[in-house]
Amino acid sequence: MNRKINKLKPDPSHSTNHQNQLGFERLIFFSDAVFAIAITLLVLEIRLPSSDGIISESQMLPVLVGMWHKFLAYVISFLVIGVFWMGHHRKFRYIIRYDSTLLFLNLLMLMGIAFLPFPSSVISEYPYRTVTIFYAFILMLTSLFSVVIWWYASRNNRLIDPDLDQKQRRRQ
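Conventions adopted
- Residues numbered from 1 in each chain as written.
- Predicted model: local features only at pLDDT ≥ 70, side-chain atom pairs only at ≥ 80, totals over all residues.
- Heavy atoms only, no water.
- Helix = DSSP H or I, 4+ residues; strand = E, 2+ residues; numbered from the N terminus.
- Rg over C-alpha atoms; globule rule 2.2 N^0.38 Å.
- Buried < 20%, exposed > 50% of the residue type's maximum accessible area, 1.4 Å probe, protein only.
- Contact = heavy atoms within 4.5 Å.
- Lys, Arg positive; Asp, Glu negative; His and termini not counted.
- Charge placed at Lys NZ, Arg CZ, Asp CG, Glu CD.
- Core = buried A, V, L, I, M, F, W, Y, C linked by side-chain atoms within 4.5 Å.
- Phe/Tyr/Trp six-rings, centres within 6.5 Å; stacked < 30°, edge-to-face > 60°.
- Expected span 1.5 Å × (residues − 1).
- Axes fitted to C-alpha atoms, helices over the stretch in contact; angles between N-to-C directions.
- Parallel < 35°, antiparallel > 145°, perpendicular 65-115°, else oblique.
- Nonpolar A, V, L, I, M, F, W, Y, C, P; charged D, E, K, R; others polar.

Colleague: What am I meant to see in the overall build of the protein chain here?
Modeller: Helices and strands together make up the secondary structure of the protein chain, namely eight helices and zero strands. What you see in the protein chain, going N to C, is helices and strands ordered as α-α-α-α-α-α-α-α. Whereas a compact globule of 172 residues would reach a radius of gyration of roughly 16 Å, the protein chain reaches 23 Å, over 25% beyond that. For the protein chain, the residues scored as buried account for 32% of the 172 residues in total. Here the analysis covers contacts within the protein chain between residues at least 6 apart in sequence; of these, 72% occur between residues at least 24 apart. One finds the centroid of the 18 positive side-chain charges in the protein chain at a distance of 13 Å from the centroid of its 11 negative side-chain charges.

Given below as structure tokens:
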């Protein structure tokens, strides 16, 4: 009878693995949510210009055409955030474990993603060189954190599968 009871006891390593898997999934879900919210915030910055009255049917097309720079900033920033998301998704297909440092590095990268709607709205209003440099600087910092995530995870197979092909490792 004792043997049956022992077999029914949960394996502590299974519980730890399950908790680690849940923690890793939470990291991914949180990251995906930040990407989704940042992309959504981009469109909230597009508004019709304020006017003294209601815009008539005949005025609407010129008003919309006159907003081309806002639409362009939206499309570019949407694609930029989308490319960051694709890279994040690709990296995390090969990362099989996590630790507190990876969580923090990921948080720093997500901070850049969440901030992107602001420089995007500024550049859509003020197409100045200073604003363009500001936008590019935020992209550079976000890219840097993305690179550091992979460097940290792959260094000495810290958080990736040690059997990962060398070509695939370099590609990331």
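Colleague: Where do I start with the nonpolar core in this structure?
Modeller: The tendency in soluble globular proteins is for nonpolar side chains to be buried as a group. Counting residues in hydrophobic clusters, the biggest one holds 28 residues, and the most contacted among them are Ile81, Ile95, Leu102 and Ile113. If you list the elements that add at least two residues to this core, you get α2 (12-44), α4 (68-94), α5 (100-115) and α7 (129-154). Among all residues touching isoleucine 81, those that are not within four sequence positions of it are Phe35, Ala38, Ile39, Leu42, Ile113 and Leu116.

Colleague: Would you explain the packing of aromatic side chains in this entry?
Modeller: A ring pair, where both rings are aromatic, is described by two values, the distance of the centres and the angle of the planes. In total, this model carries seven aromatic pairs according to the counting rule given. Centre to centre, the rings of phenylalanine 24 and phenylalanine 92 are 6.1 Å apart; their planes meet at 35°, and the pair counts as tilted. Linking phenylalanine 24 in helix α2 with phenylalanine 92 in helix α4, this pair joins segments that are 68 residues apart in sequence. Comparing phenylalanine 24 with phenylalanine 92 shows no difference in burial state: the two are buried. Aromatic pair tyrosine 126 and tyrosine 128: ring centres 5.8 Å apart, planes at 40°, arrangement tilted. Tyrosine 128 sits in the exposed class, given a relative accessible area of 51%. An aromatic cluster of three or more residues is present, and its members are Phe24, Phe92 and Tyr98.

Colleague: I keep staring at α4 and nothing clicks. Help me out?
Modeller: Each turn of an α-helix holds 3.6 residues, which means side chains three or four residues apart point in the same direction. In this model α4 runs 40 Å from its N-terminal to its C-terminal C-alpha over 27 residues, within 8% of the 39 Å that 1.5 Å per residue would give. For α4, the complete set of buried residues consists of Lys70, Ala73, Ser77, Ile81, Gly82, Phe84, Gly87, His88, Lys91, Phe92 and Tyr94.

Colleague: Is there a simple way to think about the packing of α5 against helix α6 (residues 117-125) in this case?
Modeller: The relative placement of two packed helices is expressed as an angle between their axes plus a distance between the axes. Two elements in contact, α5 and α6, have axes separated by 5 Å at closest approach and are oriented at 30°. With respect to α6, the axis of α5 lies roughly parallel. Seen from α5, the contacting residues are Ile113, Ala114 and Phe115; seen from α6, they are Pro117, Phe118 and Pro119. Per-class residue counts for the contact of α5 with α6 are six nonpolar, no polar and no charged.

Colleague: What is the right way to read unusual backbone geometry from this model?
Modeller: Negative phi values dominate among residues other than glycine, just as trans dominates among peptide bonds. Residues other than glycine seldom take positive phi values, yet asparagine 156 does so here, at roughly 55°. In this structure, asparagine 156 sits in the loop between α7 and α8 (166-171). The class of asparagine 156 is exposed, set by a relative accessible area of 68%. A positive phi is found at asparagine 157, a non-glycine position, where the angle reads about 55°. Looking at where asparagine 157 falls in the secondary structure, it is placed in the loop between α7 and α8.

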